[in-house]
Amino acid sequence: MRQAFIRAAAALAIALAASLASAQASDYKIGFVNTERLFKEATPAKRAQQKLEREFDGRDGDIQKLAKQVRDLQALLEKDGVTMAESDRRNKERDLANMSRDLQRLQREFREDLNLRRNEELAAVQERANKVIQQIAEAEKFDLILQDPVVYASGRIDITDKVIKALADK
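Scope of this entry: the structure provided in the associated data block. (Residues numbered from 1 in each chain as written. Predicted model: local features only at pLDDT ≥ 70, side-chain atom pairs only at ≥ 80, totals over all residues. Heavy atoms only, no water.)

1. Concerning the overall build of the chain
Argument step 1. Along the chain, the regular secondary structure elements total five helices and two strands.
Argument step 2. Buried positions account for 28% of the 170 residues belonging to the chain.
Argument step 3. By sequence separation, contacts in the chain at least 24 residues apart represent 80% of the contacts at least 6 residues apart.
Argument step 4. On the chain, roughly 11600 Å² of surface is accessible, and the fraction owed to carbon and sulfur atoms is 52%. (Helix = DSSP H or I, 4+ residues; strand = E, 2+ residues; numbered from the N terminus. Buried < 20%, exposed > 50% of the residue type's maximum accessible area, 1.4 Å probe, protein only. Contact = heavy atoms within 4.5 Å. Areas by Shrake-Rupley, 256 points an atom, 1.4 Å probe, with all protein chains shown as cover.)

Encoded structure:
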């Protein structure tokens, strides 16, 4: 839904830019911001990524330990399952099934929580970036600034470096 809105807004902005360009291109100042680069290179985005890594590191470690236990138990069953007593083998198979189910549940919850937090952090970065873009637009008298998704933008109008630098200064 959000991407469809962004695409529609970008198409509208491109149409507006095209109509402005046909009127008198030299009278209008247009800029472009590469959002993907912004989220990779801007200081607040890097800090957000580090924050997420610290926040989820413990849970990831727990999941890795459980995954190793599942692999070890599976290897034990494959190696010694034939020679085990029937009741021992069944108990270990049941333990393996329970551990595998728990592992899948924990992995799914981890991914969901991580995605939710990543979206929250990126939204905060995007909000700060939008304010900086607005300030640059007003200070440098831009008529139009586009963000991704854009089919093509000349390097001449790319102001991503300015936005990244401005975000680093805050």
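This is not the end of the story, as more comes after the structure.
2. With respect to the side chain of Q126
Argument step 1. Among the secondary structure elements, Q126 is positioned in helix α4 (residues 86-139).
Argument step 2. Residue classification places Q126 among the buried residues on the basis of a relative accessible area of 12%.
Argument step 3. If near-sequence neighbours (up to four positions away) are discounted, Q126 is found in contact with T35, F39 and Q147.

3. Thoughts on helix α3 (residues 43-80)
Argument step 1. Between its first and last C-alpha atoms α3 spans 53 Å; for 38 residues at 1.5 Å apiece the expected length is 56 Å, and the two agree.
Argument step 2. Residues of α3 that are buried: P44, A45, A48, L52, F56, I63, L66, A67, V70, L73 and L77.
Argument step 3. The elements touched by buried residues of α3 are α2 (35-41), α4 and α5 (160-168). (Expected span 1.5 Å × (residues − 1).)

4. As for the packing of aromatic side chains
Argument step 1. Summed over all chains, the structure comprises one aromatic pair.
Argument step 2. For the pair F56 and F110, a centre-to-centre distance of 5.6 Å together with 85 degrees between the ring planes defines the contact as edge-to-face. In this pair, F56 sits in helix α3 while F110 sits in helix α4, placing the two residues 54 residues apart along the sequence.
Argument step 3. Overall, F56 belongs to the buried group, its relative accessible area being 6%.
Argument step 4. Above the face of the F142 ring, K29 is positioned so that its terminal group lies 4.6 Å from the ring centre. (Phe/Tyr/Trp six-rings, centres within 6.5 Å; stacked < 30°, edge-to-face > 60°. Lys NZ or Arg CZ within 6 Å of the ring centre and 35° of its normal.)

These figures come from the coordinates and say nothing about function on their own.
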